[in-house]
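# A look at the structure
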Number of protein chains: 4
Amino acid sequence: MTEEEWQSLKTFVIDKFTNDPFVRDMDIKVESVEPKRAVFSLDVKHNRSNMFGIVHGGVLMTLADVGMGAACFSCNKKVVTLEANMSFLRSAPVGKHLIATGSVLHNGNRTLSCECDITDDEGRLCARGRGTFFVVGRIQEER
Amino acid sequence: MTEEEWQSLKTFVIDKFTNDPFVRDMDIKVESVEPKRAVFSLDVKHNRSNMFGIVHGGVLMTLADVGMGAACFSCNKKVVTLEANMSFLRSAPVGKHLIATGSVLHNGNRTLSCECDITDDEGRLCARGRGTFFVVGRIQEER
Amino acid sequence: MTEEEWQSLKTFVIDKFTNDPFVRDMDIKVESVEPKRAVFSLDVKHNRSNMFGIVHGGVLMTLADVGMGAACFSCNKKVVTLEANMSFLRSAPVGKHLIATGSVLHNGNRTLSCECDITDDEGRLCARGRGTFFVVGRIQEER
Amino acid sequence: MTEEEWQSLKTFVIDKFTNDPFVRDMDIKVESVEPKRAVFSLDVKHNRSNMFGIVHGGVLMTLADVGMGAACFSCNKKVVTLEANMSFLRSAPVGKHLIATGSVLHNGNRTLSCECDITDDEGRLCARGRGTFFVVGRIQEER
């Protein structure tokens, strides 16, 4: 892939995830997209929390799905999620700023395995997830 | 537990999950709460979908977390999620009405194992998840 | 698939799993193979237990991998495991006879999602697992 | 914990896992035990492989369960496995020497979250697993 192709791919990925309806509704922001890696962020507001005043598990799983999906897209692969899991390691109360870093562990032709770490303002690991993604197409033509 | 205690517990669970900030923001509705079982529903609107026009994986994982958590609460246990997983089996496009049924597989003193099935209008299984929950307290005093 | 083709496929699956080196070494027995479903059994002996005198988690995960894999094969698909998970619900001490029932939840062209329940002599659920399988080929030619 | 107490704990963990009936039967070797971390190894022989001539998924899940369990023990906690998952990233054929490194991600009083990486002779990641463990007791008295 030429540098020009990569820039075009990167722009596509950022646009797609910025305009993804649910991602936008959740106020999840794209921070960066690199080959095999994508970073997103979220401010934990009241309407993203649960009855304990901490970020809802569903929000963390959403962040991970988004981070891992975009990491797959950065490999020039359009994917859907086959399965995902997450361990919740530390609670993040309202007011925290979360960073989700999705990365590709295995970049196969048909399926990809990814991981996502979610950390808080102090860099502490709040959740770690993994998932398997199915390739439904390429974004740019391969040559 | 007397019938009266159960009705009081059930009311508590329905209130807690109806007023959970993220659940409310997501327009997830409580359908029913029974011992070891809780049912929620969601209409798949545009802002709950992804770039493919189908319900976002994060929405399904949120539904499952809510369904399983409420099923734990119905066992008189306040819980937090330790971990969760989900297999995505069938996509649900915008317009579908989803039903999430959370149930308790193992009701331990300290941890519970739960499952959640998400079905569409035609009763077809769209996703199945499982999770482990940690007991942080009782809702009603045990006698 | 004709009845004759099914019988031929079934014989192939039973042979393959009976002669799988690790399955044989573990004394895992084929009980039955039906379309989308395969049942295996294991006697919990001392050398399959852990320091607590109960069946080792690795044995249960092996049983599930075998049960789910054979269920995929019964759909005329040769598969490898992409990922698997298991919740441990009830311990099975040495002396128990375990039944693992693998079933196919989603039978796709490229990937399958499966589940496996492991029960003891009294039919109580000891473990439930799920997995995603990747199709590497067909067993019989499709027509 | 004094150095003497750590040495005593480490000896206990190595003994327990060396003599665990299934671990011994599988020819899984203890390589090292450090605080929050335990390393085991396995030679992939024919009787640990599947019909494709590669290490059986059940063997890898066993290795991970052992590595993560011993990592918990190294934190002075006797544990049982609540749940575990694994992604299979690269197949390891007969003849490979595998290293499983279990580590503790969250060391709670009641539950621990762990991870295990399994690499081959060339240091390539073959599988990554995660699990949740329940504390059933302490090994040494805390003071």
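Further up the page is the structure itself.
Residues numbered from 1 in each chain as written. Chains lettered and ligands numbered in written order. Predicted model: local features only at pLDDT ≥ 70, side-chain atom pairs only at ≥ 80, totals over all residues. Heavy atoms only, no water.

## Comments concerning the side chain of Ser74(A)
All names here are of chain A. Defined as follows: Helix numbers and strand numbers start at the N terminus; a helix is a DSSP run of H or I with at least 4 residues, a strand a run of E with at least 2. Under the scheme applied here, a residue whose accessible area is under 20% of the maximum for its type counts as buried, over 50% as exposed, and between as partly exposed, the area being computed with a 1.4 Å probe on protein chains only. Polar contacts, as counted here, are pairs of nitrogen or oxygen atoms within 3.5 Å of one another; within protein the pair requires one atom able to donate a hydrogen and one able to accept it, and residues that are adjacent in sequence qualify only if both atoms are side-chain atoms. Should any heavy atoms of two residues lie within 4.5 Å, those residues are considered in contact.
The residue serine 74 is located in the loop between helix H3 (57–73) and strand E3 (77–88) in this model. Look at serine 74 and you get buried, because its relative accessible area is 5%. Of the polar contacts made by the side chain of serine 74, one reaches the backbone oxygen of glutamate 34; its length is 3.2 Å. Apart from the residues within four sequence positions on either side, serine 74 is in contact with Trp6, Leu9, Val13, Val33, Glu34, Pro35, Lys36 and Arg37.

## Notes on the sheet that holds strand E4 (residues 97–107) of chain A
Basically, it comes down to this: For two strands to pair, DSSP has to find at least two bridges joining them. Axis definition: a line fit to C-alpha positions, over the contact stretch in the case of helices; interaxial angles, taken between N-to-C directions, run 0 to 180 degrees.
Sheet architecture is open: 12 strands sit in the order E1(A)-E2(A)-E4(A)-E5(A)-E6(A)-E3(A)-E3(B)-E6(B)-E5(B)-E4(B)-E2(B)-E1(B), paired in antiparallel fashion. In the strand order of this sheet, the two ends are held by strand E1 (29–34) of chain A together with strand E1 (29–34) of chain B, each with one partner. Across the sheet, the mean angle from the axis of one strand to that of its neighbour is 20 degrees, orientation sign disregarded. Packed onto the sheet, helix H3 (residues 57–73) of chain B meets E3 of chain A together with strand E2 (37–43), strand E3 (77–88), strand E4 (97–107), strand E5 (111–119) and strand E6 (125–138) of chain B and runs at close to 145 degrees relative to E3(B).

## Quick look at the interface of chain B and chain A
This is how the line gets drawn: Summed over both partners, buried area is the accessible surface (1.4 Å probe) that two parts give up on being assembled. What makes a salt bridge here is a side-chain nitrogen of Lys or Arg within 4 Å of a carboxyl oxygen of Asp or Glu, nothing more.
The partner chain A presents 36 residues to the 36 residues of chain B that form the contact. Together, the buried faces of chain B and chain A total about 2,800 Å²; carbon and sulfur atoms form 67% of this surface. Per-residue buried area on chain B facing chain A is highest for Phe22(B), Met51(B) and Met61(B); these three make up 23% of the total on that side. At the junction of chain B with chain A, the criterion picks out two salt bridges. There are 14 residue pairs in polar contact (both at pLDDT 80 or more) connecting chain B and chain A. Sorting the residues of the side of chain B that touches chain A by element identifies helix H1 (3–18), helix H2 (21–25), H3 and E3 of chain B as the ones contributing at least two each. Looking at the side of chain B that touches chain A, the element that brings in the most residues is E3(B), giving 11 residues. Bridge analysis of E3(A) against E3(B) gives five bridges, and the strand direction is antiparallel. Counterpart to Ser87(A) in the pairing with E3(B) is Glu83(B).

## Concerning the relation of the copies chain C and chain D
Counted only if it meets this: In superposing the copies, a least-squares fit is computed on C-alpha atoms, taking residues whose pLDDT is at least 70 in both.
Rotating chain C by 180 degrees and moving it 0.0 Å along the rotation axis overlays it on chain D with an RMSD of 0.0 Å. Both copies of the chain, as the preceding transformation shows, are related through a two-fold rotation axis. In terms of proximity to the rotation axis, the leading residue of chain C is Asn85(C), whose C-alpha is 2.0 Å off the axis. Here 100% of the interface residues in chain C have copies in chain D that are interface residues too; the copies meet face to matching face.

## Quick notes on the pairing of strand E1 (residues 29–34) of chain D
All names here are of chain D. Here E1 pairs with strand E2 (residues 37–43) via five bridges, running antiparallel. Residue pairing across strands places valine 33 opposite alanine 38, the latter belonging to E2. Between the antiparallel neighbours E1 and E2 lie two residues, among them lysine 36 with a positive phi of about 70 degrees.

## Details of the pairing of E3(B)
All names here are of chain B. The buried fraction of E3 amounts to 10 of the 12 residues, a majority that puts the element mostly inside the structure. Pairing of E3 with E6 involves 11 bridges; the strand directions are antiparallel. Within E6, the position partnered with valine 79 by the bridge is valine 135.

## Brief notes about the interface of chain C and chain D
Here is the rule: Residue polarity is assigned by list, with Asp, Glu, Lys and Arg as charged and Ala, Val, Leu, Ile, Met, Phe, Trp, Tyr, Cys and Pro as nonpolar; anything else, Gly included, falls into the polar class.
Facing 36 residues of chain C, the contacting portion of chain D comprises 36 residues. Of the roughly 2,800 Å² buried where chain C meets chain D, counting both sides, 67% is carbon and sulfur surface. Among the salt bridges present, the one from Arg48(C) reaches Asp25(D), with a minimum N-O distance of 2.9 Å. Taken together, the elements giving at least two residues each to the side of chain C that touches chain D come down to helix H1 (3–18), helix H2 (21–25), helix H3 (57–73) and strand E3 (77–88) of chain C. Sort the elements by how many residues they give to the side of chain C that touches chain D and E3(C) lands first, with 11 residues. Its residues assigned to classes, the side of chain C that touches chain D comprises 18 nonpolar, 11 polar and seven charged.

## A word on the environment of Leu63(D)
All names here are of chain D. Its location among the elements puts leucine 63 in helix H3 (residues 57–73). Residue classification places leucine 63 among the buried residues on the basis of a relative accessible area of 0%. For the pair leucine 63 and isoleucine 118, spaced 55 residues apart in sequence, the C-alpha separation works out to 8.1 Å. For leucine 63, the residues in contact, after removing those within four places along its chain, are Ile28, Phe40, Leu42, Leu98, Ala100, Cys116 and Ile118.

## Considering the sheet that holds E1(D)
With antiparallel pairing, the 12 strands of this open sheet are ordered in space as E1(C)-E2(C)-E4(C)-E5(C)-E6(C)-E3(C)-E3(D)-E6(D)-E5(D)-E4(D)-E2(D)-E1(D). Only two strands of the sheet have a single neighbouring strand rather than two, namely strand E1 (29–34) of chain C together with E1 of chain D. Geometrically, the sheet is characterised by an average inter-axis angle of 20 degrees between neighbouring strands, direction not taken into account. Looking at chain direction, strand E4 (residues 97–107) of chain C and strand E5 (residues 111–119) of chain C are connected through eight bridges and run antiparallel. Residue Ser103(C) lies in a different strand from E5(C), and its bridge partner there is Glu115(C). Strand contacts of H3(C): strand E2 (37–43), E3, E4, E5 and strand E6 (125–138) of chain C together with strand E3 (77–88) of chain D, with the helix running at about 145 degrees to E3(C), the strand carrying the most contacts. Relative to the sheet, helix H1 (residues 3–18) of chain D contacts E1, E2 and E3 of chain D, its axis offset from that of E1(D) by approximately 155 degrees.

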